[in-house]
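Summary of structural features
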Amino acid sequence: KTGSDKSYLVLSSLLAKLRTGEIRSQAAKPILAASAANAAGDDLETIQLRAFAGDAATLEQLTLAVLAEGRSTNVRIALLDTVAIVAPTQLKEPLDQWIQQQRASESVDEKWRNALLDAIINRGSESARQQLLQSVTDLPVGVQATIAERMSQREATSVLLLDTILSEKLPKDVVSPN
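The following paragraphs examine the structure supplied in this document. (Residues numbered from 1 in each chain as written. Predicted model: local features only at pLDDT ≥ 70, side-chain atom pairs only at ≥ 80, totals over all residues. Heavy atoms only, no water.)

A tally of helices and strands in the protein chain yields 10 helices and 0 strands. From first element to last, N terminus to C terminus, the protein chain shows the α and β order α-α-α-α-α-α-α-α-α-α. Projected onto its principal axes, the C-alpha positions of the protein chain cover 55 × 35 × 30 Å. Long-range contacts, defined here as pairs at least 24 residues apart, represent 57% of the contacts in the protein chain between residues at least 6 apart. When the accessible surface of the protein chain is split by element, carbon and sulfur atoms take 51% of a total near 9600 Å². (Helix = DSSP H or I, 4+ residues; strand = E, 2+ residues; numbered from the N terminus. Contact = heavy atoms within 4.5 Å. Areas by Shrake-Rupley, 256 points an atom, 1.4 Å probe, with all protein chains shown as cover.)

Listed below in C-alpha cells is the structure:
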C-alpha cells in the first residue's frame, strides 16, 4: 500500500471511532485541530476530520455532501452520523430534503430513511424533532408508524410524541397499540 492508502485507512478508522464515541471528540479536539490544519484536500474524510476538530467552515461542505443523492447510501449515512454528532442543528436540511421527497412520492432508500430518522430522533435538535412530527400526517401510513415506533423508544421523544397527540396535532392512531 502507498502512504496515502495507509493514511486513508488510519483516517477512516479514526472517524469510525469518533462516530461511535470510542474516541470522545471533545477530548481529542486539540489533536484533531492540529491534524485538520495540516490535512490537505477536500475529500470527505478530511472534511469530517475538520468538522470533528470544530472547524465551522466545513459544516456547510459536510451538509452539502450529506444532501448529495448520487453518493452511496453507506457513505451518506457515515456523513449523516458525523453531522448528527458535530452539528445536530444541520440535520434540518436532510430532513427537509427527505420530507419533500416523501411529499412528491419519490422513492427513498429505506436504509437511508431509517438512519435519518434515528439521527433526528436520537441526536437532532428539538426543532428538528418538532418539524418531523409536524410533517407526519403528510407522510405515508407506514412511514408514520416507523416514526412513532422510533420516537416511542426514547423517553424524551416519547413524551414529545404523546404531547403532540394529546394536543390533537397528531392523530392518536399513528401509535400502534403494540
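From this point, the narrative continues.
Within the secondary structure layout, Glu 45 lies in helix H3 (residues 44-52). Buried within the structure, Glu 45 lacks any salt-bridge partner; its nearest side chain of opposite charge belongs to Arg 19, at an N-O separation of 6.5 Å. If we skip the residues at most four places from it in the chain, Glu 45 touches Tyr 8, Leu 11, Ser 12 and Leu 15. (Buried < 20%, exposed > 50% of the residue type's maximum accessible area, 1.4 Å probe, protein only. Lys, Arg positive; Asp, Glu negative; His and termini not counted. Salt bridge = Lys/Arg side-chain N within 4 Å of Asp/Glu carboxyl O.)

Among the residues of helix H8 (residues 126-135), those classed as buried are Ala 128, Arg 129, Gln 131, Leu 132, Leu 133 and Ser 135. Packed against the buried residues of H8 are helix H6 (92-103), helix H7 (110-123), helix H9 (141-151) and helix H10 (155-166).

With that out of the way, let us pick up the packing of H9 against H10. H10 packs onto H9 with a crossing angle of 130° between their chain directions and a minimal axis gap of 8 Å. Relative to H10, the element H9 is oriented oblique. Contact with H9, carried on its side by Ala 148, Arg 150 and Met 151, involves Thr 157, Ser 158, Leu 160 and Leu 161 of H10 and no other residues of that element. Per-class residue counts for the contact of H9 with H10 are 4 nonpolar, 2 polar and 1 charged. (Axes fitted to C-alpha atoms, helices over the stretch in contact; angles between N-to-C directions. Parallel < 35°, antiparallel > 145°, perpendicular 65-115°, else oblique. Nonpolar A, V, L, I, M, F, W, Y, C, P; charged D, E, K, R; others polar.)

Of all hydrophobic cores here, the largest spans 38 residues; its most connected members are Leu 80, Trp 98, Leu 132 and Ile 147. Those elements that place two or more of their residues in this core are H3, helix H4 (57-67), helix H5 (73-86), H6, H7, H8, H9 and H10. With 7 residues, the single largest contributor to this core is H7. The next biggest cluster of nonpolar side chains, apart from the first, holds 9 residues, and it includes Leu 15, Ala 28, Ala 36 and Phe 52. (Core = buried A, V, L, I, M, F, W, Y, C linked by side-chain atoms within 4.5 Å.)

On to H6, then. In a regular helix each residue adds 1.5 Å, so 12 residues correspond to 16 Å; H6 covers 16 Å between its end C-alpha atoms and thus fits that length. Residues of H6 that are buried include every one of Pro 94, Leu 95, Gln 97, Trp 98, Ile 99, Gln 101 and Gln 102, and no others. For H6, the elements touching its buried residues are H4, H5, H7, H8 and H9. Just downstream of H6, Ser 105 is the residue with a positive phi angle, here 60°. (Expected span 1.5 Å × (residues − 1).)

Everything listed is a geometric property; what it means functionally is a separate question.
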